[in-house]
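# Examination of the molecular architecture
Read off the chains here:
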Amino acid sequence: MKAVSIEEAVALIPAGASIMVGGFMGVGTPWRLLDELVRQRKAGLSIISNDAALPGKGVGKLFDAELVSRLTATHIGLNPKAQQQMLARQIAVDLIPQGTFVERIRAGGCGLGGVLTPTGVGTLVAEGKRQIEVDGKPFLLETALRAQFALVHAFLADYLGNLSYALTARNFNPVMAMAADTVIVTAEHIVPVGVIAPDHVVTPAPLVDYLITNPNG
C-alpha cells in the first residue's frame, strides 16, 4: 500500500478506464475521488456502481460532467441526467438485478468465472445468456465483473491499509475492493496499526494499493 495525495491517485486513472465505485445513493461513496475525476476531466469512463445517485451527488457528478460512456448498475431511476444521456445514446447502460450485480462482483474478486442464478429466467434479462439446468431447475450463467480500478470509502484505515466500514456505508465497498486491479481508498480516519482490532478488519491491507492522505480525504 502506498500513501498518496488525491491528485496523484486520480492521475493514475486514464481516460476510458473501467471503475467500480462503492456506495449506495451516495452512502459509502468516495465523493472526493469523484470530485477529482471531474476536476481532471477523465472522460469516456465505464462506471460500475449500484446506482447513478442524484445530479450533483456521488457518481451523479460524473453524469453532470458527461464523463461516462458506459454504466453498469442496478437502477438509474433517481438521476434524470443519466436517463437523458441513456435515451440520447450518449451512454450505454447495463441494468442488472441487485443481487446478481453484487454476486457477479464477488465472483470477480474470488477468481470465479461467474454465478448461476434463477433471477431473470424467462424474462428480458435472460436474452443472450447461457441457461443451465441444475437438478431440473433452470439457472442463468451470469459472468464475473471486474474493473481496472475500484474507488472505495472506509470509516477507518490504518497505516498499513487495513479497512473497517461504518454501518450501511459498508455496502458494496468490500466486494469491489476484491474485484479490481487497482484499489484506491479514502477514509474518514487514518489510525495507527492496532487501533482496528483484527476481527474488525473487513478489507485487509494486501487488497489496498493506494490510500489518500489529504485532510478529509
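As shown above, the structure is provided for reference.
A short tour of the structure in this document, coming up. Note that this is a predicted model, so its numbers are computed, not measured.

Here we come to the overall build of the chain. When you go through the chain residue by residue, the secondary structure sums to six helices and 12 strands. For the chain, whose C-alpha radius of gyration is 17 Å, the value lies close to the compact-globule estimate of 17 Å for 217 residues. The buried share of the chain, taken over its 217 residues, is 47%. For the chain, the share of sequence-separated contacts (at least 6 apart) that also reach a separation of at least 24 residues comes to 70%. Of the charged side chains in the chain, 17 are positive and 18 negative; the average position of the first set lies 4 Å away from that of the second.

Right, let's talk about the sheet that holds strand S8 (residues 137-143) for a bit. Reading across from one edge, S6-S8-S7 is the order of the three strands in this open sheet, with antiparallel pairing throughout. With one partner strand each, in any of the chains shown, strand S6 (114-117) and strand S7 (131-134) form the two edges of the open sheet. For this sheet, the mean angle separating the axes of adjacent strands, direction not counted, is 35°. Relative to S8, S6 runs antiparallel, the two being bridged by four bridges. Its bridge partner lying in S8, Val115 is registered against Glu142.

The next point concerns the packing of aromatic side chains. All chains considered together, the criterion is met by one aromatic pair. On the numbers, 5.6 Å between centres and 75° between planes, the contact of Phe101 with Phe172 is edge-to-face. With a gap of 71 residues between them, Phe101 in helix H5 (residues 98-109) and Phe172 in the loop between strand S10 (163-164) and helix H6 (173-178) connect regions that are remote in the sequence. Across the pair, Phe172 and Phe101 agree in class, each one buried.

In this section: the nonpolar core. Judged by nonpolar contacts, the single largest core of 30 residues is most densely connected at Ile13, Ile19, Leu37, Ile47, Leu151 and Ile184. When near neighbours in sequence (up to four residues on either side) are disregarded, Ile13 contacts Ile19, Leu37, Lys42, Phe149, Leu151 and Ile184. Among the nonpolar cores identified, the runner-up in size contains 24 residues, and Phe101, Ala154, Ala180 and Val183 belong to it.

On the secondary structure map, Val10 appears in helix H1 (residues 6-11). For the pair Val10 and Ile184, spaced 174 residues apart in sequence, the C-alpha to C-alpha distance is 8.8 Å.

Among the surface-exposed residues, Tyr159, Leu160, Ile190 and Val193 lie close enough to one another that they form a single nonpolar patch of about 390 Å² accessible area. Inspection of the secondary structure assignment puts Ile190 in strand S11 (residues 180-191). Classification of Ile190 by relative accessible area gives partly exposed; the value is 35%.

Even without being a glycine, Ala53 presents a positive backbone phi close to 55°. By the secondary structure assignment, Ala53 is in the loop between strand S3 (45-48) and helix H3 (60-64). With a phi close to 55°, Glu66 is a non-glycine residue in the positive phi region.

Sheet analysis places S3 next to strand S4 (residues 68-73), joined by four bridges and oriented parallel. Note that in S4 the partner of Ile47 across the bridge is Leu71. As paired elements, S4 and strand S5 (residues 92-95) share four bridges and run parallel to each other. Following the sheet pairing, Arg70 is matched in S5 by Ala92. With respect to chirality, the unit in which S4 leads through helix H4 (residues 80-87) into the neighbouring parallel S5 is right-handed.

Moving on: the side chain of His153. Mapping His153 onto the fold places it in strand S9 (residues 147-158). On the accessibility criterion, His153 (11% relative accessible area) is buried. Those residues in contact with His153, other than ones at most four positions away along the chain, are Gly28, Thr29, Pro30, Tyr165, Asn173, Thr186, Ala187 and Glu188.

Quick notes on the rules
Residues numbered from 1 in each chain as written. Predicted model: local features only at pLDDT ≥ 70, side-chain atom pairs only at ≥ 80, totals over all residues. Heavy atoms only, no water. Helix = DSSP H or I, 4+ residues; strand = E, 2+ residues; numbered from the N terminus. Rg over C-alpha atoms; globule rule 2.2 N^0.38 Å. Buried < 20%, exposed > 50% of the residue type's maximum accessible area, 1.4 Å probe, protein only. Contact = heavy atoms within 4.5 Å. Lys, Arg positive; Asp, Glu negative; His and termini not counted. Charge placed at Lys NZ, Arg CZ, Asp CG, Glu CD. Pairing = 2+ DSSP bridges. Axes fitted to C-alpha atoms, helices over the stretch in contact; angles between N-to-C directions. Phe/Tyr/Trp six-rings, centres within 6.5 Å; stacked < 30°, edge-to-face > 60°. Core = buried A, V, L, I, M, F, W, Y, C linked by side-chain atoms within 4.5 Å. Patch = residues over 30% accessible without salt bridge, like charges linked within 9 Å, V, L, I, M, F, W, Y side chains within 5 Å. Areas by Shrake-Rupley, 256 points an atom, 1.4 Å probe, with all protein chains shown as cover. Salt bridge = Lys/Arg side-chain N within 4 Å of Asp/Glu carboxyl O. Right-handed = clockwise from strand over helix to strand, strands pointing away.

Remember, this is a structural readout, not a statement about activity or role.
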